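So you can see what is in the structure, the chains are spelled out below.
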Amino acid sequence: MDISVIVPLFNEAESLPELNEWIARVMADNGFSYEVIFVNDGSTDDSWKVIRGLREADPEHIKGVSFRRNYGKSPALNTGFRLAKGDVVITMDADLQDSPDEIPELYRMIKEDGLDLVSGYKQKRYDPLSKTIPTKLFNATARKVSGIHNLHDFNCGLKAYRSAVVKHIEVYGDMHRYIPYLAKLAGFNRIGEKVVHHQARKYGKTKFGLDRFVNGYLDLLTLWFTGRFGKKPMHFFGLLGSLMFFFGLIAVIMVGAMKLYHLHTGAHYILVTDSPYFYISLVLMLLGSQLFLAGFVGELVVRNSPKRNEYEIEEVLGENVRNEHND
């Protein structure tokens, strides 16, 4: 199968028939074999009823999954990724703001240009300033932290993936904003971008509020930390704890030395316990010790993880190459 189109949705009953007809027309014009997977994220309108109707009218191409309640876009995408069978996987939103006319070029960029992932870039947006300005700041931060400097719109719902990419990443929580970063952490570094047409919302209203920007930064920090120190937590906690303990130790030695010096010379000096630097040094030493122990605990957790020796292998040459842990 050439293409799997995954459409996560929440209360988009009005737009689904038009979107499905548009996708079918593009696929027919280009001779693609395809499937459309609608993932109903606990909609409270008639979305699932509409999907059932589309499935009955075209069982060859239409698939549907319905959650009992609203879990979010990331679980919906992850479910669609697990079900997808196409060589190229396309994701798009159900609100008709993403154009299916972009699919042929996205497919070409994956198959002919050899890219692992192509992210859409809505260069001209039909959104209010209250949304576009925070989006620019968010994307600038994501580029800096992830090191993927050629992407301008991490959160664009219109993306194309080589099949292997979606089978080797797990999208959870609200991590759908950082799928390119997840792909990079999984070893898929051929990431490109395509300027895509952005259309004004035709039906309904947006399902995302400003809280997504706050949550987005927290998720970005989580990805950065787990990507860099997920298999070696002592390198973070141990180093930070050692530095704090060292500076605290130096500080308390200096406080004690000053007290001994004044006692030796007979000069008046306050009690060690009356010095604020004494307590600052103690706090540094205690925090340093706790961080160092946190590193040990993290190493114990990683050591006992069943995935501690799972790595992304691109290719193996030789029939007798085996993992010694599976012998």
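The preceding data block contains the structure.
The rules behind these values
Residues numbered from 1 in each chain as written. Predicted model: local features only at pLDDT ≥ 70, side-chain atom pairs only at ≥ 80, totals over all residues. Heavy atoms only, no water. Pairing = 2+ DSSP bridges. Helix = DSSP H or I, 4+ residues; strand = E, 2+ residues; numbered from the N terminus. Axes fitted to C-alpha atoms, helices over the stretch in contact; angles between N-to-C directions. Patch = residues over 30% accessible without salt bridge, like charges linked within 9 Å, V, L, I, M, F, W, Y side chains within 5 Å. Areas by Shrake-Rupley, 256 points an atom, 1.4 Å probe, with all protein chains shown as cover. Salt bridge = Lys/Arg side-chain N within 4 Å of Asp/Glu carboxyl O. Buried < 20%, exposed > 50% of the residue type's maximum accessible area, 1.4 Å probe, protein only. Contact = heavy atoms within 4.5 Å. Left-handed = near helix turned anticlockwise from the far one by under 90°. Phe/Tyr/Trp six-rings, centres within 6.5 Å; stacked < 30°, edge-to-face > 60°. 1 Å grid on protein atoms, 1.4 Å probe; cavity = no way out; pocket = protein on both sides within 12 Å on 5 of 7 lines; lining within 4 Å. Points joined across faces, edges and corners; volume = space filled by probe spheres on them. Nonpolar A, V, L, I, M, F, W, Y, C, P; charged D, E, K, R; others polar.

Draft legend 1. A look at the sheet that holds strand β2 (residues 34-40). Pairing within the open sheet is mixed, and its seven strands lie in the order β3-β2-β1-β4-β6-β5-β7. Here the strands that pair on one side only, and so sit at the sheet edges, are β3 (62-66) and β7 (191-195). Shown here is a sheet whose adjacent strand axes are inclined to one another by a mean of 20°, direction ignored. Of the strand pairs in this sheet, strand β4 (residues 88-91) and strand β6 (residues 159-162) are connected by four bridges, and their pairing is antiparallel. Opposite V88, over in β6, you have R162 as the bridge partner.

Draft legend 2. How the structure looks around a nonpolar patch on the surface. Nonpolar side chains collect at one region of the surface, where L239, L243, F245, F246, F247, L249, I250, I253 and M254 lie side by side and expose about 850 Å² of accessible area between them. Relative to the assigned elements, I253 resides in helix α9 (residues 234-265). Looking at I253, the relative accessible area reads 49%, which means it is partly exposed.

Draft legend 3. Representation of the side chain of H61. Mapped onto the secondary structure, H61 falls in the loop between α2 (47-57) and β3. What makes H61 buried here is its relative accessible area of 17%. Contacts of H61, omitting those with residues within four sequence positions, involve Y34, E35 and V36.

Draft legend 4. Main features of the pairing of β4. The side-chain alternation of β4 yields two buried faces, one formed by V88 and I90 and the other by V89 and T91. Two strands pair when backbone bridges link them, and strand β1 (residues 3-9) and β4 are joined in this way by four bridges, in the parallel orientation. Residue pairing across strands places S4 opposite V89, the latter belonging to β4.

Draft legend 5. Just the packing of helix α1 (residues 16-30) against α2, in detail. Running from N to C, α1 and α2 cross one another at 35°; their axes reach a closest spacing of 10 Å. Considering how the two elements wind past one another, α1 and α2 form a crossing that is right-handed. Every residue of α2 that contacts α1 at L16, P17 and N20 is listed here: S47, V50, I51 and L54.

Draft legend 6. Layout of the packing of aromatic side chains. The full count for this structure, using the stated rule, is 13 aromatic pairs. Taking 5.6 Å as the distance between ring centres and 45° as the angle between the ring planes, the aromatic pair formed by F225 and F229 counts as tilted. Highlighted residues: F225 and F229, both in helix α8 (residues 211-229), separated by four residues, approximately one helical turn. Judged by relative accessible area, F225 falls into the partly exposed class, the value being 22%. Residue F229 is classed as buried on the basis of its relative accessible area of 11%. Aromatic side chains F236 and F237 sit 5.1 Å apart centroid to centroid with 85° between the ring planes, which places their arrangement in the edge-to-face category. Cluster of aromatic residues (ring-pair linked, three or more members): W224, F225, F229, F236 and F237.

Draft legend 7. Expanded view of empty space enclosed by the protein. As enumerated under the stated definition, the model contains one cavity of 30 Å³ or more in all. Its boundaries defined by the atoms lining it, the largest cavity holds a volume of some 70 Å³. Forming the walls of the largest cavity are 13 residues, and the residues nearest its centre are K73, L77, C156, G157 and K159. When contributions to the lining of the largest cavity are tallied by element, the ones reaching two or more residues are α3 (73-83) and β6. For the lining of the largest cavity, the class distribution of residues is six nonpolar, four polar and three charged.

Draft legend 8. View of the pattern of salt bridges. By the definition in use, this model includes nine salt bridges. Residues D93 and K73 are paired through a salt bridge, measuring 2.8 Å at the closest nitrogen-oxygen approach. Placement of D93 in the loop between β4 and α4 (103-111) and of K73 in helix α3 is noted, with a sequence separation of 20 residues between them. Relative accessible area serves as the criterion here: at 17%, D93 is assigned to the buried category. The closest approach of N and O atoms between E102 and K194, which form a salt bridge, is 2.5 Å. Placement of E102 in the loop between β4 and α4 and of K194 in strand β7 is noted, with a sequence separation of 92 residues between them. Side by side, E102 and K194 carry an identical accessibility label, which is buried.

Draft legend 9. Region of interest: unusual backbone geometry. Phi is positive for N11, which is not a glycine, with a value near 55°. Looking at the secondary structure, you find N11 in the loop between β1 and α1. The residue L96 is not glycine, and still its phi comes out positive at about 70°. Judged by its relative accessible area of 4%, L96 is buried.

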